[in-house]
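Residues per chain are reported as follows:
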Amino acid sequence: MVYKELGKTGKMIPAIGLGTWGIGGFETPDYSRDDEYVELLKKAIEMGYTHIDTAEYYGAGHTEELVGRAIKFFRREDLFIVSKVWPNHLRRDDLLRSLEATLRRLDTDYVDLYLIHWPNPEVPLEETLDAMAEGVRMGLIKHVGVSNFDRDLLEEAVHKSREPIVCDQVLYNIEDRGPERTGLLQYCQENGITLVAYSPLKRTKLSEEARKVLERVASKHGATIYQVMLAWLISKPAVVAIPKAGSLEHLRENLEALNLKLTEEELAELDELGKLS
Ligand SMILES: NC(=O)c1ccc[n+]([C@@H]2O[C@H](COP(=O)([O-])OP(=O)(O)OC[C@H]3O[C@@H](n4cnc5c(N)ncnc54)[C@H](OP(=O)(O)O)[C@@H]3O)[C@@H](O)[C@H]2O)c1
């Protein structure tokens, strides 16, 4: 595994974490493959996926339950568990209730990182960040972060939060270059904030142009296009990625991206792809 520092905390986290959106349902719970998913999650952790990304929203809480069942088999301190509070729970009391419910479903005493899943302009940001800080004081949250915050809102959060904002989890992949265009990536890199790239494989829905370039680079290394996408992302300072994989084969393939060393020319060519989108 390759590790990167979480924000400026000194804590090292795996540069490739595991996304769980769809494991145990999307907007609603799906109980039909529970045992299979718990086994898959256990195998993933054994393989090195000790950084797991989930949310109260996923499967309406059921995803957290499945993660909770899988992590019981491991030492808690070896894991880095991330969850997120949904934007309709950003009032103080709601957030603390959501946090407790998340911990109950994960069957654990704390989350390593708790994120505001999406901003909600109807709730003062201070109130949410103060509630997060309360969660930290109670020992229920180790680190505080945000998700889907643009550059300006992230900066506002950094100034308003009593706890350091250690990450912003946003859409970022070879074709979705929002964080580069808006200056968010640069802000994170300059201020010691980890940018967690979600949908790093673009949910496999790539344009023909991107696919062509990726295939050419991949073939030179005997790699797959998804490994190239991940290697490109984690070559960037302060960036980690959380691909979701639903099979052992995909889990392995994505982890092996860590061994792929792209040349400066290849990285530059992949950077250029952003100009197409
Ligand atoms: N904060 C937010 O608002 C937010 C939003 C979206 C996502 N997220 C987080 O980010 C995670 C990842 O994003 P995502 O799930 O949207 O998309 P993604 O990771 O870009 O793509 C997942 C898709 O790629 C496929 N896949 C994985 N590895 C593959 C491989 N090696 N070869 C071919 N196909 C492969 C998966 O198929 P299989 O399942 O068949 O392996 C799945 O269909 C989510 O699970 C979630 O934890 C956060």
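Note that the coordinates shown come from a computational prediction; the quantities given were computed from them, not determined experimentally.

Engineer: Help me understand the packing of helix α4 (residues 125-137) against helix α5 (residues 151-160) in this model?
Structural biologist: Axis angle and axis distance: for two packed helices, these are the angle between their axes and the distance between the axes, and together they describe the pair. For the pair α4 and α5, the least separation of the axes is 10 Å and the interaxial angle reads 55°. One finds that α4 runs oblique with respect to α5. Of the two elements, α4 crosses α5, and the hand of that crossing is right-handed. Contacts between α4 and α5 pair Leu 125, Glu 126 and Leu 129 from the former with Leu 153, Glu 156, Ala 157 and Lys 160 from the latter. Partitioning the contact of α4 with α5 into residue classes produces four nonpolar, no polar and three charged.

Engineer: Would you mind going over the pattern of salt bridges with me for this structure?
Structural biologist: Oppositely charged side chains may form a pair once their charged atoms are brought near each other. Per the counting criterion, the structure on display carries 23 salt bridges. Residue Asp 130 pairs with Arg 162 through a salt bridge whose shortest N-O separation is 2.9 Å. On the criterion of sequence distance, the pair formed by Asp 130 in helix α4 and Arg 162 in the loop between α5 and β8 (165-171) is long-range, its members being 32 residues apart. Because the salt bridges share partners, they merge into one network encompassing Arg 75, Glu 77 and Asp 78.

About the cut-offs
Chains are numbered independently. Their residues run from 1 in the order of the written sequence. Predicted model: local features are reported for residues with pLDDT of at least 70 only, side-chain atom pairs are reported and counted for 80 or more only, and whole-chain, interface and lining totals are derived from all residues. Processing note: side-chain calculations cover all non-hydrogen atoms of the structure and skip hydrogens and water entirely. Simply put, an axis is a line fit to the C-alpha atoms, just over the touching stretch for a helix, and the angle between two N-to-C directions goes from 0 to 180 degrees. Runs of H or I in DSSP of at least four residues are treated as helices and runs of E of at least two as strands, each being numbered from the N terminus. Roughly parallel means an angle under 35 degrees; roughly antiparallel, over 145; roughly perpendicular, 65 to 115; everything else is oblique. Two helices that cross are described as forming a left-handed crossing if the nearer one is turned anticlockwise from the farther one by less than a right angle, and a right-handed crossing if clockwise. Residue contacts are defined here by distance: any two heavy atoms, one from each residue, within 4.5 Å place the two residues in contact. All amino acids are sorted into three groups, where Ala, Val, Leu, Ile, Met, Phe, Trp, Tyr, Cys and Pro are nonpolar, Asp, Glu, Lys and Arg are charged, and the leftover types, Gly among them, are polar. A pair is scored as a salt bridge if a Lys or Arg side-chain nitrogen falls within 4 Å of a carboxyl oxygen belonging to Asp or Glu.

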